[in-house]
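# Coordinates in review
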Amino acid sequence: MSVQNTTLSWDQILELAQNNTPARRVRRFGVSPSTAPIPISLHKLPPETPPPVLLYRDTNSWCPFCERVWFALEEKEIPFATEFIDLNNKPKWYTDLVPSTQVPAVKIEGELVYESKDILLALEARFSDSPLLPDDPEENAIARQLVEDAETNGSKEVGYKFLIGTSADDNELATLQASFEAKLDELERALAKYPGSYFLSTFSLVDIMYGPHLDRLAASLPVYRDYHIKGNPRFPNLNAWLAALNERPAYDRVKTDAATFNLLLRRLWGVKPSGNPLPLDPVLSETIQDRAEAAERLSDNREAAIGDILKNSGVQALAVNGDISAVKDAIEFHLKLLAEYLLHGDKLLLPWGRVGGKENLDPFSSAVGAITLAYVRNRICVPRDMSAGAATAFRAAANKILASIY
Ligand SMILES: N[C@@H](CCC(=O)N[C@@H](CS)C(=O)NCC(=O)O)C(=O)O
């Protein structure tokens, strides 16, 4: 295999990718995150008009409370701007501004609101022509009560305790599981009260309050506690609800994915998995739009990606006599191969690295390639870098090339 093997230039890859997906992000130079999503409704604003809402959210887009607010903004198609807050180093102006010092917070036409539940209700009061609470007064009152319940009934706290409680022995774990299941039973009954898959007769703020938390728990409990919500016959309504939620286009833009959250749990909180990570969900990534979005993100942001790989993956150690230009070339070659494979799928013939137990390719290049692909596969973070569907396509393609070259 030689570095000349890929056929397209980066510009050609980018153009081809952009022809196959409407997904775009703004690039942010020299700051983290290096790209930011563009709200679906931003084009509705006349030029030079500031959006009515400013959202303060976490730099890495991991926060489920921020996800609630982002979800509502996208559902209600409210144009908004985003200010990212580094939670490891919160700026003083932010801690001076927001009494809780937490994210999310918003300014709605200049007025500060914080606490995700209060933000959702404030957005509802100000932007009433795209309601996420029922019109019917009786159902509206029930909805408001359910929003309060979602905040105070302890379901998310019990769920996270079951997931993260580190010193738990088997008995304690069984008790935590039973308490969590009791909460899920309550939600199961609540979901049965109205026809359809949601908590009320239509999709509402109640679904948004629960969605980001329960989706994370459903993704992680199988890996860390060998406990399944999805496919569990005890929770048919919750399963139908999760499926309905995941079909909403707005949720598709804001949600995280199982791989991101599961890696985060291990790296940030040191939680030990009880099983292997779940297989990637190919259903999430079978569309060309997803693959093209992943290729678009990679090619548009390649300079930042190459810089990050060189700096943080450990690959520099392979440089001969400190000359990193060959390392850089091999990184770039494999990223390009990944982008092309995303666009062409199995029609692109991948290089075969090892044949009959012997190497028949440049071992230096393929070692750099293996590090590059393994690193980017685990490094991408949803929804910070791309949508969940695109990330699934990206990770699956990286695995496929890794299996081929190494
Ligand atoms: N009750 C708050 C919780 C928000 C929250 O816990 N935010 C976390 C990020 S997920 C945070 O800001 N953590 C940083 C800190 O507490 O300093 C809400 O609903 O908005």
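Residues numbered from 1 in each chain as written. Predicted model: local features only at pLDDT ≥ 70, side-chain atom pairs only at ≥ 80, totals over all residues.

## Observations concerning the overall build of the chain
Let me state the cut-off plainly: Comment: elements are numbered from the N terminus, with helices defined as DSSP H or I runs of at least four residues and strands as E runs of at least two. Between the two quantities, the radius of gyration covers C-alpha atoms and the globule rule is 2.2 Å times the number of residues to the power 0.38. Residues with at least 20 neighbouring C-beta atoms inside 10 Å of their own are called buried, those with 12 or fewer are called exposed, and the rest are partly exposed, where every C-beta is derived from the backbone. Each residue is represented by a C-beta atom placed from its backbone, and any two residues with such atoms within 7 Å are regarded as in contact.
Helix and strand counts for the chain stand at 16 helices and eight strands. On C-alpha atoms alone, the chain measures out to a radius of gyration of 23 Å, which is about the 22 Å that the 2.2 N^0.38 rule sets for 406 residues. Taking all 406 residues of the chain together, the buried fraction comes to 40%. Pairs at least 24 apart in sequence give 75% of the contacts found in the chain among residues at least 6 apart.

## Structural notes on the sheet that holds strand β3 (residues 53-58)
So the rule is basically this: At least two bridges found by DSSP between two strands are what make those strands a pair. Note on definitions: angles span 0 to 180 degrees between N-to-C directions of axes, and those axes are lines fitted to C-alpha atoms, for helices only across the stretch in contact.
Here we have four strands laid out as an open sheet, ordered β4-β3-β5-β6, and mixed in their pairing. Only two strands of the sheet have a single partner each, and these edge strands are β4 (80-85) and β6 (111-114). On average, adjacent strands in this sheet sit at an angle of 20° to one another, irrespective of strand direction. Taken together, the four bridges between strand β5 (residues 105-108) and β6 define a ladder with antiparallel strand orientation. From the neighbouring strand, A105 faces β6, where its bridge partner is Y114. With respect to the sheet, helix α2 (residues 64-75) is in contact with β3, β4 and β5, its orientation differing from that of β3 by roughly 150°. Across the sheet, helix α4 (residues 116-126) touches β5 and β6, and the angle it forms with β6 is around 135°.

## Examining the nonpolar core
Condition: Put simply, a nonpolar core is a cluster of buried Ala, Val, Leu, Ile, Met, Phe, Trp, Tyr and Cys residues tied together by C-beta atoms within 7 Å.
By size, the foremost hydrophobic cluster in this structure holds 100 residues, and its most contacted members are L205, V206, L338, L342 and F394. It is helix α8 (residues 205-224) that provides the largest number of residues to this core, a total of twelve residues. Setting aside chain neighbours within four positions, we find L338 in contact with L298, L373, A397, A398 and I401.

## Topic: helix α15 (residues 363-379)
What counts is decided by this rule: A helix is expected to reach a length of 1.5 Å times the quantity of its residues less one.
Its 17 residues give α15 an end-to-end C-alpha distance of 24 Å, which sits within 8% of 24 Å, the value for a rise of 1.5 Å per residue. Among the residues making up α15, those that are buried are S365, S366, V368, G369, I371, T372, L373, V376 and R377. Residues of α15 that are buried in the fold lie against α13 (302-312), α14 (325-344) and α16 (388-405).

## Regarding the environment of P195
Here P195 shows up in the loop between α7 (170-191) and α8. What makes P195 exposed here is the crowd of 7 C-beta atoms within 10 Å.

## Focus: the site of the ligand
Filter applied, for reference: Being near a molecule or strand means, for a residue, that its C-beta atom, positioned from the backbone, comes within 6 Å of it. Under the scheme applied, nonpolar residues are Ala, Val, Leu, Ile, Met, Phe, Trp, Tyr, Cys and Pro; charged residues are Asp, Glu, Lys and Arg; polar residues are all the others, including Gly.
Around the ligand sit D58, C63, F65, L87, T101, Q102, V103, P104, E115, S116 and K117, and those are all the residues in its vicinity. Here the shell around the ligand is composed, by residue class, of five nonpolar, three polar and three charged.

## Considering the pairing of β4
Two elements, β3 and β4, share six bridges in a ladder whose sense is parallel. Directly across from D58, in β4, lies its bridge partner I85.

## A closer look at the pairing of β3
Heads up, the rule is: Whether a crossover is right-handed depends on one test, that the path from the first strand over the helix to the second runs clockwise when the strands point away from the viewer.
Most of β3 is tucked away: five of the six residues are buried. Each parallel crossover has a hand, and the one from β3 via α2 to β4 is right-handed. Here four bridges tie β3 to β5, and the two strands are oriented antiparallel to one another. Across the sheet, residue L54 finds its bridge partner in β5, namely K107.

## Observations regarding helix α5 (residues 137-152)
Along its 16 residues, α5 runs 23 Å from first to last C-alpha, staying within 8% of the 22 Å computed at 1.5 Å per residue. Where α5 is buried, its residues touch α4 and α8. Two residues or fewer past α5, G154 is found with a positive phi of approximately 80°.

## Comments concerning the environment of F394
Within the fold, F394 resides in helix α16. The spacing of F394 and Y341 is 53 residues in sequence and 9.6 Å in space, taken between C-alpha atoms. Excluding residues within four positions of it along the chain, F394 makes contact with A294, L342, I380 and M386.

## So, the packing of helix α6 (residues 155-164) against α8
Applicable threshold: In these notes the angle categories are as follows: under 35 degrees is roughly parallel, over 145 is roughly antiparallel, 65 to 115 is roughly perpendicular, and the rest is oblique. Should the near helix be turned anticlockwise from the far one by less than a right angle, the crossing is termed left-handed; should it be turned clockwise, right-handed.
Relative to each other, α6 and α8 sit at 20°, their axes nearing to 10 Å. Classified by the interaxial angle, the pair formed by α6 and α8 is roughly parallel. Helix-helix and strand crossings are classified by hand; for α6 and α8 the assignment is left-handed. Along the contact surface, α6 presents K156, G159 and L163, while α8 presents H213, L217, S220, L221 and Y224. Considered class by class, the residues forming the contact of α6 with α8 number four nonpolar, three polar and one charged.

## Some thoughts on the packing of α15 against α16
Contact pair α15 / α16: the axes reach a minimum separation of 9 Å and the direction vectors enclose 160°. Classified by the angle their axes make, α15 and α16 are roughly antiparallel. In this structure, α15 crosses over α16, and the sense of that crossing is left-handed. In this structure, α15 contributes S366, G369, A370, L373, A374, V376 and R377 to the contact, and α16 contributes R395, A398, N399, I401, L402 and I405.

## Concerning unusual backbone geometry
Residue P33 is bonded to the preceding S32 through a cis peptide linkage, with omega at -5°. The topology assignment puts P33 in the loop between β1 (25-27) and β2 (35-37). With omega at 0°, the peptide bond leading from V103 into P104 counts as cis. Among the structural elements, P104 can be located in the loop between α3 (92-97) and β5. Positive phi values are uncommon outside glycine, yet E109 reaches one of about 45°. With respect to the secondary-structure elements, E109 resides in the loop between β5 and β6. Look at E109 and you get exposed, because 10 C-beta atoms sit within 10 Å. Positive phi outside glycine occurs at D226, with the angle close to 55°. Note that D226 resides in the loop between α8 and α9 (236-245).

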